[in-house]
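In case you want the letters, here they are:
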Amino acid sequence: MTTILHIDSSARPGRSDQKQHGSHSRRLSAKFIELWRTQRPDDEIIYRDVGASPPKPVTGDWVHAAFTKPEQREDWMHDALAQSDTLVDELLRADVIVAGVPMYNFGMPAQMKAWLDNIVRVGRTFGFDRTRDGVPYWPMVTGNKSIVALSSRGDYGYGPDGRIAHLNFVEGALFTPLEYIGITDQYGTAIEYDEFADDRTRQSIADAEGEVANIVDRLIAKHRTENAA
């Protein structure tokens, strides 16, 4: 069985195919899950809506607790890390992470960044040893996990080689930390032209939904092959 961690981070409630002014990224992530369930109805889905319930941001107490050895932590340190422990546990259980991540001011929503900061954690998802030869950091997340970033943006040309690709700080800001902890199998697509609300918007939605279907097929084939090995 494959486990999927489904994350939504849009501040907008509802999906754009079901509600006026609903979220395009929620629409794409829901489409992914619907298509996946069509082929693999028994797989486990873990759902985390950080848009509606943002994780607490990292604090000084959080950092102090995270860098204290587990056997030396005081009770308040365990409390400071409790939510992070839950989020990390969800990540480690998952084989595929599907994240709806809209573009806000050229980057990801703050609530998604808070999730990311809570799961990139010393001793849980990456190791650190200053006495280690070479680079003192190493990834600790194993299992050939995949990340799928499903985004939306008001303008167009933010994709690779696009006219304003240099202004896109969404996918790279998500993929780089996850790659750092060991998640290197990366996929994504996005709806563009949202602010234009015309035929270009509608075509971009259709193209993005088509690419979601392609990604689902590729990942199901991948996991079918891995499970058969």
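Okay, so let's go over this structure. (Residues numbered from 1 in each chain as written. Predicted model: local features only at pLDDT ≥ 70, side-chain atom pairs only at ≥ 80, totals over all residues. Heavy atoms only, no water.)

### Topic: the nonpolar core
Soluble, globular proteins show a tendency: their nonpolar side chains are buried together.
Moving on, step 1. Core analysis: the largest hydrophobic core is formed by 36 residues, its most contacted members being Met112, Trp115, Ile119, Leu174 and Ile181.
Moving on, step 2. Secondary-structure elements contributing two or more residues to this core are β1 (3-8), α2 (60-66), α3 (75-93), β3 (96-100), α4 (110-119), β6 (146-152) and α5 (171-181).
Moving on, step 3. The biggest single contributor to this core is α3, with five residues.
Moving on, step 4. Look past the residues within four positions of Trp115 in its chain and what remains in contact with it is Leu5, Ile7, Val50, Pro55, Leu87 and Leu91.
Moving on, step 5. Residues Ile4, Leu150, Tyr187 and Val216 belong to the second largest nonpolar core, which totals 18 residues. (Core = buried A, V, L, I, M, F, W, Y, C linked by side-chain atoms within 4.5 Å. Buried < 20%, exposed > 50% of the residue type's maximum accessible area, 1.4 Å probe, protein only. Helix = DSSP H or I, 4+ residues; strand = E, 2+ residues; numbered from the N terminus. Contact = heavy atoms within 4.5 Å.)

### What to know about the pattern of salt bridges
Charged atoms that come close allow side chains of opposite charge to pair.
Moving on, step 1. Applying the stated rule across the entire model yields 18 salt bridges.
Moving on, step 2. Among the ionic pairs, Arg124 bridges to Asp89, the shortest N-O distance being 2.7 Å. One end of the pair, Arg124, is in the loop between α4 and β4 (126-128); the other, Asp89, is in helix α3, and 35 residues separate them in sequence.
Moving on, step 3. With a relative accessible area of 22%, Arg124 lands in the partly exposed category.
Moving on, step 4. Between Asp199 and Arg202 there is a salt bridge, and its shortest N-O distance comes to 2.4 Å. Residue Asp199 and its partner Arg202 are located together in helix α6 (residues 199-228), separated by three residues, close to a single helical turn.
Moving on, step 5. Via salt bridges that share partners, Asp85, Asp89, Arg121 and Arg124 belong to a single interconnected network. (Salt bridge = Lys/Arg side-chain N within 4 Å of Asp/Glu carboxyl O.)

### Overview of the sheet that holds β3
Moving on, step 1. Taking strand neighbours across the sheet as the criterion, the five strands line up as β2-β1-β3-β6-β7 in an open arrangement whose pairing is parallel. Only two strands of the sheet have a single neighbouring strand rather than two, namely β2 (44-49) and β7 (185-191). Pairs of neighbouring strands in the sheet enclose a mean axial angle of 15°, with direction left out of account.
Moving on, step 2. Two strands pair when backbone bridges link them, and β1 and β3 are joined in this way by five bridges, in the parallel orientation. When the bridges of β3 are listed, Ile4 appears paired with Val96.
Moving on, step 3. The sheet contacts of α5 involve β3, β6 and β7, and relative to β6 the element is tilted by about 165°. (Pairing = 2+ DSSP bridges. Axes fitted to C-alpha atoms, helices over the stretch in contact; angles between N-to-C directions.)

### Considerations on α5
Moving on, step 1. Along α5, the residues that are buried comprise Glu171, Leu174, Phe175, Leu178 and Ile181. Considered in projection along α5, the buried side chains sweep an arc of 125° and stay on one side of the axis.
Moving on, step 2. A positive backbone phi angle near 120° is found at Gly182, which sits one or two residues after α5. (Arc of directions from axis to C-beta.)

### A look at the pairing of β7
Moving on, step 1. Most of β7 sits out of view: five of its seven residues are buried.
Moving on, step 2. Taken together, the seven bridges between β6 and β7 define a ladder with parallel strand orientation. Of the residues in β7, the one forming a bridge with Ala149 is Gly188.
Moving on, step 3. For the handedness criterion, the β-α-β arrangement of β6, α5 and β7 is classed as right-handed. (Right-handed = clockwise from strand over helix to strand, strands pointing away.)

### Focus on unusual backbone geometry
Moving on, step 1. The backbone phi angle of His21 is positive, close to 65°, even though this residue is not glycine.
Moving on, step 2. Phi angles above zero are rare outside glycine, and Phe106 is one such case at about 80°.

### Observations concerning a nonpolar patch on the surface
Moving on, step 1. On the surface, a nonpolar cluster with roughly 250 Å² of combined accessible area is contributed by Val58, Val63 and Phe67.
Moving on, step 2. With respect to the element layout, Val63 can be found in helix α2.
Moving on, step 3. Using a relative accessible area of 36% as the deciding quantity, one classes Val63 as partly exposed. (Patch = residues over 30% accessible without salt bridge, like charges linked within 9 Å, V, L, I, M, F, W, Y side chains within 5 Å. Areas by Shrake-Rupley, 256 points an atom, 1.4 Å probe, with all protein chains shown as cover.)

### Describing α3
An α-helical segment advances 3.6 residues per turn. Residues three or four places apart therefore align on the same side.
Moving on, step 1. Relative to the 27 Å expected for 19 residues at 1.5 Å per residue, α3 spans 26 Å between its end C-alpha atoms, a close match to the ideal helical length.
Moving on, step 2. Of all the bends in α3, the greatest measures close to 45° and is centred on Leu81.
Moving on, step 3. Turning to α3, its buried residues number three or more, namely Met77, Leu81, Ser84, Leu87, Val88, Glu90 and Leu91.
Moving on, step 4. Packed against the buried residues of α3 are β1, β2, α2, β3, α4 and α5. (Expected span 1.5 Å × (residues − 1). Bend = angle between axes of the 7 residues up to and from the residue.)

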